[in-house]
Amino acid sequence: MRLLIAATGLALAATTARADTWPEKPVHIIVAFTLGSATDVIARSVANELSAKLGQPVIIENRPGAGGTIAAAQVAKAAPDGYTLLVNSSGHTVNPWIYEKLPYDTAKDLMGVTVLARQPNVLVVSPDKGWRTVADLVKQAKAQPGKMSFASAGVGSATHMNGEKFKVAAKIDVLHVPYKGTPEALNDVMGGRVDYFFSPVVSALSIVNDKRLMALAVGSPTRALVLPNVPTTEEAGYKGSAYNYWAGVFAPARTPPAAIERLNKELIAVLALPEVKERLAKISADPSPTTPKEFDELVVRELVENGELVKAAGIKAQ
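**Student:** Is there a simple way to think about the pairing of strand β6 (residues 149-152) in this case?
**Tutor:** Side chains on a regular strand alternate between the two faces of the sheet. Judged by which residues are buried, β6 turns out to be covered on both faces: Ser 149 and Ala 151 on one side and Phe 150 and Ser 152 on the other are all buried. Both β6 and strand β7 (residues 175-178) contribute to a ladder of 4 bridges, which runs parallel. Among the inter-strand pairings, Ser 152 is bridged to a residue of β7, identified as Pro 178. Viewed along the sheet, the connection from β6 through helix α6 (residues 158-170) into β7 turns out right-handed.

Dropping the structure here:
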């Protein structure tokens, strides 16, 4: 018994030592979306500065597919030692409701480190449609139930969920048309083949500035810094239509608290750096750090909210 207690004590001491000295080797960040996506740009905006603060290389790998669930599954199954992390978007809390039999439990197998940034979507339409306000669009949708359509960058994406929240809030019957990505959706909105799209601001901004698309509103809780004169959909009168897009860092459950605390501390410091703020501002992303506890609570809250939205919108599991 004494030998067992001693062995257990040594094992605990070794674990504590590893946590206290973390990191001792490179840290790998798995990004759930493609190179150049908003989630990827946000992750890469902090990588170099995080590496400097940790004193170890921070290596980013993109593992896109299935709405971010491929990357999430990889990290959920990784060793809980702080050396394999996930950067995912707010679609993380939608996926359990639209993908059957995920190989991980969203709330239990991954733990939050911090939200990195939030980014608004913008409701864009072709100028040829003749709509000048959100009310114009809604009026026509109600006059032609089931005839109009909205685009998304894929089922369960932030662009999709923003569109569904607006659809429910405005009480309109419109068809959802999913695309492979944002560029394809924008092209068809410009061509008038689909009526509107809640596009990431960074993707639509130059097209809006060139007047090839009109920005009727932003779908976030607050206005976009780069489009200060464009109201939110809630300001336009559609309560409950705002969608909260975020990108954040996760670790496998049971990662040593010391590693999580160190990561959180250094990421908060990185997000406060002027050069990082400047990088994020270029894609209209606002640094939004949280504590690990706050992030976990956000995930649990949004799991409930998105489950209700998926049911109300009639979104079918894939």
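**Student:** What exactly am I supposed to notice about the sheet that holds strand β8 (residues 196-200) here?
**Tutor:** The pairing of strands in a sheet comes from backbone hydrogen bonds and takes either a parallel or an antiparallel form. Across the sheet, which stays open at both edges, the 5 strands sit in the order β7-β6-β8-β5-β9 with mixed pairing between neighbours. Looking at strand neighbours, the two that pair on one side only are β7 and β9 (214-218), the edges of this open sheet. Across the sheet, the axes of successive neighbouring strands diverge by a mean angle of 30 degrees, strand direction being ignored. Where β6 meets β8, 2 bridges bridge the pair, whose relative direction is parallel. Among the inter-strand pairings, Ala 151 is bridged to a residue of β8, identified as Phe 197. Sheet strands touched by α6: β5 (121-125), β6, β7 and β8. Its angle to β8, the strand with the most contacts, is close to 135 degrees.

**Student:** How should unusual backbone geometry be read in this particular structure?
**Tutor:** Most peptide bonds take the trans configuration, and most residues that are not glycine carry a negative phi. Following Trp 22, the chain continues into Pro 23 via a peptide bond in cis, with omega recorded as 0 degrees. In this fold, Pro 23 is placed in the loop between α1 (2-20) and β1 (27-31). The phi dihedral of Ala 66 is positive, around 55 degrees, even though this residue is not glycine. As for its placement among the helices and strands, Ala 66 is situated in the loop between β2 (58-62) and α3 (69-76). A positive phi angle, close to 60 degrees, is found at Lys 171, a residue other than glycine.

**Student:** So what exactly am I meant to see when it comes to the packing of α6 against helix α11 (residues 292-313) here?
**Tutor:** Each pair of packed helices can be described by the angle between their axes along with the distance between the axes. Contact geometry for α6 and α11: axes closest at 10 Å, N-to-C directions at 65 degrees. In terms of crossing hand, the pair formed by α6 and α11 is left-handed. Every residue of α11 that contacts α6 at Met 161, Glu 164, Lys 165, Lys 167 and Val 168 is listed here: Asn 306, Leu 309, Val 310 and Ala 313. In terms of residue class, the contact of α6 with α11 is built from 5 nonpolar, 1 polar and 3 charged.

**Student:** Looking at this structure, how should I read the layout of surface pockets?
**Tutor:** If a probe as big as a water molecule is rolled over the atoms, it shows which places are left empty. Empty space within the largest pocket amounts to approximately 750 Å³. Every residue lining the largest pocket is counted, 35 residues in all, and those nearest its centre are Phe 33, Ser 37, Ala 38, Ala 153 and Thr 182. Elements with a minimum of two residues in the lining of the largest pocket: α2 (38-54), α6, α7 (182-190) and α8 (201-209). When its residues are assigned to classes, the lining of the largest pocket shows 15 nonpolar, 19 polar and 1 charged. In this structure, the second largest pocket spans a volume of roughly 230 Å³.

**Student:** Help me understand empty space enclosed by the protein, please; the structure alone is not making it clear to me.
**Tutor:** The tally for this structure, following the rule as stated, stands at 1 cavity of 30 Å³ or more. Within this model, the largest cavity holds a volume of roughly 30 Å³. In this structure, the largest cavity is lined by Ile 29, Ala 43, Val 46, Leu 50, Val 87, Leu 116, Val 249 and Leu 267. Counted by class, the lining of the largest cavity contains 8 nonpolar, no polar and no charged residues.

**Student:** Can you help me understand the nonpolar core in this one?
**Tutor:** Most often, soluble globular proteins keep nonpolar side chains buried together rather than apart. Among the nonpolar cores identified, the biggest contains 61 residues, and Ile 29, Ile 42, Leu 86 and Leu 110 are the most heavily contacted of them. Setting aside chain neighbours within four positions, we find Leu 86 in contact with Ile 30, Ala 32, Ala 71, Ala 72, Val 75, Leu 110, Gly 248, Val 249 and Phe 250. Within the second largest apolar cluster, 20 residues are counted, among which are Val 122, Tyr 179, Ile 207 and Val 230.

**Student:** For this particular structure, what's the right way to read the packing of aromatic side chains?
**Tutor:** Where two aromatic rings form a pair, the distance of their centres and the angle of their planes describe that pair. Considering all chains together, one arrives at 9 aromatic pairs under this definition. With centroids separated by 6.2 Å and ring planes inclined at 50 degrees, the aromatic side chains of Trp 246 and Phe 250 adopt a geometry described as tilted. Grouping residues by exposure puts Trp 246 and Phe 250 together as buried. Residue placement shows Lys 25 over the ring face of Tyr 83; its charged tip is 4.8 Å from the ring centre.

**Student:** What exactly am I supposed to notice about the sheet that holds strand β10 (residues 246-252) here?
**Tutor:** Spatially, 6 strands are ordered β2-β1-β3-β10-β4-β11 in an open sheet, and the strand pairing comes out mixed. Both edges of this open sheet fall to β2 and β11 (286-287), since each of them pairs with a single strand only. Relative to β11, strand β4 (residues 110-118) is paired through 2 bridges, and the arrangement is antiparallel. Looking at β11, one finds that Ala 117 is bridged to Pro 287. Sitting on the sheet, α2 is in contact with β1, β2, β3 (84-89), β4 and β10, with an inclination near 160 degrees to β2. Along the sheet, α3 makes contact with β1, β2, β3, β4 and β10, crossing β3 at roughly 150 degrees.

The rules behind the values
Numbering of residues starts from 1 in every chain and runs along the sequence as written. For this predicted model, a pLDDT threshold of at least 70 governs which residues receive local features, and a threshold of 80 or more governs which side-chain atom pairs are given and counted, while totals over whole chains, interfaces and linings are taken from all residues. In computing side-chain values, all of the structure's heavy atoms are included and hydrogens and water are not. Buried residues are those whose accessible area, probed at 1.4 Å on protein chains only, stays under 20% of the maximum for their type, while exposed residues exceed 50% and partly exposed ones sit between those limits. Only DSSP runs of H or I covering at least 4 residues are called helices, and only runs of E covering at least 2 are called strands; the numbering of each starts at the N terminus. DSSP-based pairing: two strands are paired if at least 2 bridges between them are found. Classification remark: right-handed applies to a crossover when, strands pointing away from the viewer, the course from the first strand over the helix to the second runs clockwise. Angles here are taken between N-to-C directions and fall from 0 to 180 degrees, while the axes themselves are lines fitted to C-alpha atoms, restricted in helices to the stretch in contact. In what follows, a contact means two residues having at least one pair of non-hydrogen atoms within 4.5 Å. Two helices cross in a left-handed way if the nearer one is turned anticlockwise from the farther one by less than a right angle. They cross in a right-handed way if the turn is clockwise. Here the nonpolar group is Ala, Val, Leu, Ile, Met, Phe, Trp, Tyr, Cys and Pro; Asp, Glu, Lys and Arg are the charged ones; every other residue, Gly included, is treated as polar. Residues are called lining when one of their atoms sits within 4 Å of a cavity or pocket point, these points coming from a 1 Å grid over the protein atoms alone, where a cavity is a set in which a 1.4 Å probe fits but cannot get out and a pocket is an open set with protein on both sides within 12 Å along at least five of seven lines. Grid points are joined across faces, edges and corners, and a volume is the space filled by probe spheres set on the points. To qualify as a nonpolar core, a set must consist of buried Ala, Val, Leu, Ile, Met, Phe, Trp, Tyr and Cys residues joined through side-chain atoms within 4.5 Å. Here a Phe, Tyr or Trp ring, Trp counted by its six-membered ring, pairs with any other such ring whose centre lies within 6.5 Å, and the pair is stacked when the planes are under 30 degrees apart, edge-to-face when over 60, and tilted otherwise. Criterion for a charge above a ring: Lys NZ or Arg CZ within 6 Å of the ring centre, and within 35 degrees of the ring normal.

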